[in-house]
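Report on the structure
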Amino acid sequence: MAAAAWRSAILRRIRVPVETFSQSGMPAWTHPLRGAAAVRFMSSHDDHLDKTEVIDRVLSVVKSYPGVDPSKMGGLNSLMDSFVLDEQVTPDCHFQKDLGLDSLDTVEIVLALEEEFKLEIPDKEADKIDSCGIAIEYISAHPMAG
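Now for a description of the structure that goes with this document. Not measured: the values here are computed from a predicted model.

Remarks on a nonpolar patch on the surface
Taken together, Trp 6, Ile 10 and Ile 14 make up a surface patch of nonpolar side chains, about 360 Å² in accessible area. Considering the arrangement of structural elements, one finds Ile 10 in helix α1 (residues 2-13).

Examining the pattern of salt bridges
Oppositely charged side chains can pair when the atoms bearing their charge come close. In this structure the tally under the stated criterion is 4 salt bridges. The partner of Arg 57 in a salt bridge is Glu 53, with the nearest N and O atoms 3.3 Å apart. With Arg 57 and Glu 53 both in helix α2 (residues 51-64) and 4 residues apart, this pair spans about one turn of that helix. Salt bridges linked by common partners bring Glu 53, Arg 57 and Glu 116 together as one network.

Re the side chain of Arg 57
According to the relative accessible area criterion, Arg 57 is buried, its value standing at 17%. Separated by 2.8 Å, the side chain of Arg 57 and the backbone oxygen of Glu 116 make a polar contact. Those residues in contact with Arg 57 that lie beyond four places of it in its chain are Leu 49, Glu 116, Phe 117 and Gly 146.

Some thoughts on the environment of Ala 126
Looking at the element boundaries, Ala 126 is found in helix α5 (residues 123-126). Judged by its relative accessible area of 17%, Ala 126 is buried. Linking Ala 126 and Glu 114, residues 12 residues apart in sequence, is a C-alpha distance of 9.8 Å. With residues up to four places along the chain from it excluded, the contact list for Ala 126 reads Val 110 and Ile 121.

Structural notes on the side chain of Glu 114
Note that Glu 114 resides in helix α4 (residues 103-117). For the buried Glu 114, no salt bridge is present, and the opposite-charge side chain at shortest range is Lys 118, 13 Å distant. Within the structure, the side chain of Glu 114 is placed 2.7 Å from the backbone nitrogen of Ile 121, a separation counted as a polar contact.

Some thoughts on the environment of Ala 112
Among the secondary structure elements, Ala 112 is positioned in helix α4. Residue Ala 112 is classed as partly exposed on the basis of its relative accessible area, which comes to 28%.

Some words on the layout of surface pockets
Its boundaries defined by the atoms lining it, the second largest pocket holds a volume of some 210 Å³. Every residue lining the second largest pocket is listed: Ser 103, Thr 106, Val 107, Val 110, Leu 111, Glu 114, Ile 121, Asp 123, Ala 126, Asp 127, Ile 129 and Asp 130. Secondary structure elements with two or more residues in the lining of the second largest pocket: α4 and α5. Per-element accounting of the lining of the second largest pocket gives the leading share, 6 residues, to α4. Grouping the amino acids of the lining of the second largest pocket by side-chain chemistry returns 6 nonpolar, 2 polar and 4 charged.

Quick notes on helix α6 (residues 132-141)
Taken together, the buried positions of α6 are occupied by Cys 132, Ala 135, Ile 136, Tyr 138, Ile 139 and Ser 140. Contacts made by the buried residues of α6 are with α2, α4 and α5.

Here we look at unusual backbone geometry
Of note, the phi angle at Lys 118 is positive, near 50 degrees, even though the residue is not glycine. Considering the arrangement of structural elements, one finds Lys 118 in the loop between α4 and α5. Take Lys 118: its relative accessible area is 65%, and that puts it in the exposed class.

Scoring rules and cut-offs
Residues numbered from 1 in each chain as written. Predicted model: local features only at pLDDT ≥ 70, side-chain atom pairs only at ≥ 80, totals over all residues. Heavy atoms only, no water. Patch = residues over 30% accessible without salt bridge, like charges linked within 9 Å, V, L, I, M, F, W, Y side chains within 5 Å. Areas by Shrake-Rupley, 256 points an atom, 1.4 Å probe, with all protein chains shown as cover. Salt bridge = Lys/Arg side-chain N within 4 Å of Asp/Glu carboxyl O. Helix = DSSP H or I, 4+ residues; strand = E, 2+ residues; numbered from the N terminus. Buried < 20%, exposed > 50% of the residue type's maximum accessible area, 1.4 Å probe, protein only. Polar contact = N/O pair within 3.5 Å; in protein donor to acceptor, adjacent residues only side chain to side chain. Contact = heavy atoms within 4.5 Å. Lys, Arg positive; Asp, Glu negative; His and termini not counted. 1 Å grid on protein atoms, 1.4 Å probe; cavity = no way out; pocket = protein on both sides within 12 Å on 5 of 7 lines; lining within 4 Å. Points joined across faces, edges and corners; volume = space filled by probe spheres on them. Nonpolar A, V, L, I, M, F, W, Y, C, P; charged D, E, K, R; others polar.

Below, the structure written as structure tokens:
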């Protein structure tokens with residue numbers, strides 16, 4: 001016990017000079033920015049998607065989902081189907097109310113969005129995504145969406 005007390009007492013009193021080096025390899029005291037705020041170089045995900053690209057890709061995923069059927073949304077014939085899809089699948093549309101999708105369809109769309117944007121959406125967050133608008137906001141704010 002006495003040896004441990006002596007050891008800690010000695011270690012508290014010892015002062016060892018530490019020389020820091022800048023990124024150029026020069027000692028900090030010779031660096032021209034000595035005394036200035038330290039600069040930290042960190043990696044970041046700078047190629048963040050802009051919102052218009054997110055909107056286009058989310059709407060594309062929803063339109064291409066097999067459960068989104070224009071005939072259920074009032075389409076007159078196959079020539080009008082793409083027009084009806086463009087009219088119905090908007091950034092404001094709700095998966096169940098506007099597109100007639102059920103909860104399983106919603107889960108599959110969220111999985112398709114995860115694949116499209118190469119990200120993983122936690123279950124708690126995925127449960128909240130029930131419209132194109134919420135999906136767009138979530139993906140736009142996600143730092144790793146690609």
